[in-house]
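Chain residues, written in single-letter form:
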Amino acid sequence: MEYIFGFDAEDGSRGLVMDIGSRRSRPADGRVDYAFLKASRKINAMYDETSTWPDRGMSVS
């Protein structure tokens, strides 16, 4: 499953590929950085809460 993420709604320029079997993710562009780690953790947290993979989401800090 692939997710698009960025720091704001207009900046959804990066991709995150989630292996839903292992719950491991990788950045589509190969850059493991804060934004990628935050998006990956948020997606997994949403899965933990609902037992379904989210279609979309938002995180504000």
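Presented here is an overview of the structure given in this document. Every value quoted in this text rests on a predicted model; they were computed, and no experiment measured them.

Digging into the overall build of the protein chain
Within the protein chain, the regular secondary structure consists of one helix and three strands. Overall, the protein chain shows an N-to-C arrangement of helices and strands of β-β-β-α. Within the protein chain, buried positions represent 25% of all 61 residues. Within the protein chain, contacts between residues at least 6 apart in sequence are counted, and of these 26% link residues at least 24 apart.

A few points about the nonpolar core
Judged by nonpolar contacts, Tyr3, Phe5, Leu16, Met18, Ala35, Phe36, Ala39, Ile43 and Trp53 together constitute the single largest core of nine residues. Per-element tally for this core: the top contributor is helix α1 (residues 34–50), with four residues. If near-sequence neighbours (up to four positions away) are discounted, Trp53 is found in contact with Met1, Tyr3, Met18, Ile20, Arg23, Ile43, Asn44 and Tyr47.

Let's talk about the pattern of salt bridges
Taken as a whole and judged by the stated rule, the model has five salt bridges. Its salt-bridge partner being Asp29, residue Arg14 comes within 2.9 Å of it at the nearest N-O pair. Linking Arg14 in strand β2 (residues 14–19) with Asp29 in the loop between β3 (24–27) and α1, this pair joins segments that are 15 residues apart in sequence. Exposure remark for Arg14: the relative accessible area of 9% places this residue in the buried category. Three or more residues are tied together by salt bridges with common partners; here these are Arg14, Asp29, Arg31 and Asp33.

Thresholds, definitions, all that
All chains use their own residue numbering, which begins from 1 and follows the written sequence. Selection of residues for local features in this predicted model requires a pLDDT of at least 70, selection of side-chain atom pairs for listing and counting requires 80 or more, and totals for whole chains, interfaces and linings are taken over all residues. Calculated side-chain values reflect all of the structure's heavy atoms, with hydrogen atoms and water omitted. The numbering of helices and of strands both runs from the N terminus, where a helix is a DSSP run of H or I of at least 4 residues and a strand a run of E of at least 2. Relative accessibility thresholds used throughout: buried, under 20% of the residue-type maximum; exposed, over 50%; partly exposed, between the two (1.4 Å probe, protein chains only). Contacts are assigned to residue pairs with any non-hydrogen atoms lying within 4.5 Å of each other. In these notes, a set of buried Ala, Val, Leu, Ile, Met, Phe, Trp, Tyr and Cys residues joined through side-chain atoms within 4.5 Å is what counts as a nonpolar core. We define a salt bridge as a contact between a side-chain nitrogen of Lys or Arg and a carboxyl oxygen of Asp or Glu at a distance within 4 Å.

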